[in-house]
Amino acid sequence: MHFRRLRFENFTITIFTAHAGEERICPPSELTRGLTAADAPAIAHLLEGKDDARPLHTIPVYTKGGFEALGGDHAPDPRPAGSGGTQFVRGIDNYRLRATEEGSEYHCITPKSEKPVFLQRAFVSGKSGDTFEVEPGNYLYIAQGTIEMAGRPWVGPTMLEITKPYTATITDPMMGAKLWR
């Protein structure tokens, strides 16, 4: 599996590209940085009764091909292109991603912080002409594609810190994620 990194003020983005069948072992320290349900009250209800589930510190955006999440005794969980924003993982002691197609790609957003932090996240995608709202205090990661916002184009991959409410217009099919506390 090949990777490249992009560094922004508050985030590091790692873009992984894989051949069909390649696996990446994701160590718990990378995935969760020790987060528990108490660190992610917004999703604590999703973790109830799932003793092997932990909130994710990292935020994935699957852009090409597809992956399967493999962990614990659970059946493979498909992660197709055009999805992302996963909030938690199960079976973190043996968690890995396996590419299901040649040239599969995902972007892993890692917050830069001294203490682990859980950010709320929502996958964002659309075709030319679609719009979506962003609010102050949000971050917007554009993995691929182009949007127009505040009178100017933004081309992925890029990370934006939102300081005013905006309506973003997609000008080239895009995928990304909105992040907030």
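Whatever comes next refers back to the structure up there.
First, a word on scope: everything that follows refers to the structure included in this document. Numbers given for residues are sequential positions, taken from 1 along each chain in its written order. The predicted origin of the model limits local features to residues at a pLDDT of at least 70 and limits the giving and counting of side-chain atom pairs to 80 or more, whereas totals for whole chains, interfaces and linings rest on all residues. Processing note: side-chain calculations cover all non-hydrogen atoms of the structure and skip hydrogens and water entirely.

### Comments concerning unusual backbone geometry
The linkage connecting Gly-156 with the following residue, Pro-157, adopts the cis geometry, with an omega of 5 degrees. Summarising the element assignment, Pro-157 is placed in the loop between β15 (152-155) and β16 (158-161). The phi angle at Arg-33 is positive, at roughly 50 degrees, despite the residue not being glycine. Of note, Arg-33 is situated in the loop between α1 (28-31) and α2 (44-47). Only protein chains enter the accessibility calculation, which uses a 1.4 Å probe; a residue whose area is less than 20% of its type maximum is buried, one above 50% is exposed, and one in between is partly exposed. The exposure class assigned to Arg-33 is partly exposed, which follows from its relative accessible area of 31%. At Ala-150, a position not held by glycine, the phi torsion is positive, near 55 degrees. Looking at where Ala-150 falls in the secondary structure, it is placed in the loop between β14 (139-149) and β15. Per the convention used, a helix needs a DSSP run of H or I reaching at least four residues, while a strand needs a run of E reaching at least two, with both numbered from the N terminus.

### Topic: the packing of aromatic side chains
Two aromatic rings, drawn from Phe, Tyr or Trp (for Trp, its six-membered ring), form a pair once their centres lie within 6.5 Å of each other, and the interplanar angle then sorts them: stacked below 30 degrees, edge-to-face above 60, tilted otherwise. The tally for this structure, following the rule as stated, stands at 6 aromatic pairs. On the basis of an interplanar angle of 45 degrees and a centroid distance of 6.0 Å, the ring pair of Phe-3 and Phe-16 is categorised as tilted. In this pair, Phe-3 is assigned in strand β1 (residues 2-7) and Phe-16 in strand β2 (residues 11-18), connecting sequence segments 13 residues apart. Among the residues examined, Phe-16 registers a relative accessible area of 5% and is labelled buried. Look at Phe-11 and Tyr-139: their rings are 4.8 Å apart centre to centre, the planes differ by 75 degrees, and that puts the pair in the edge-to-face class.

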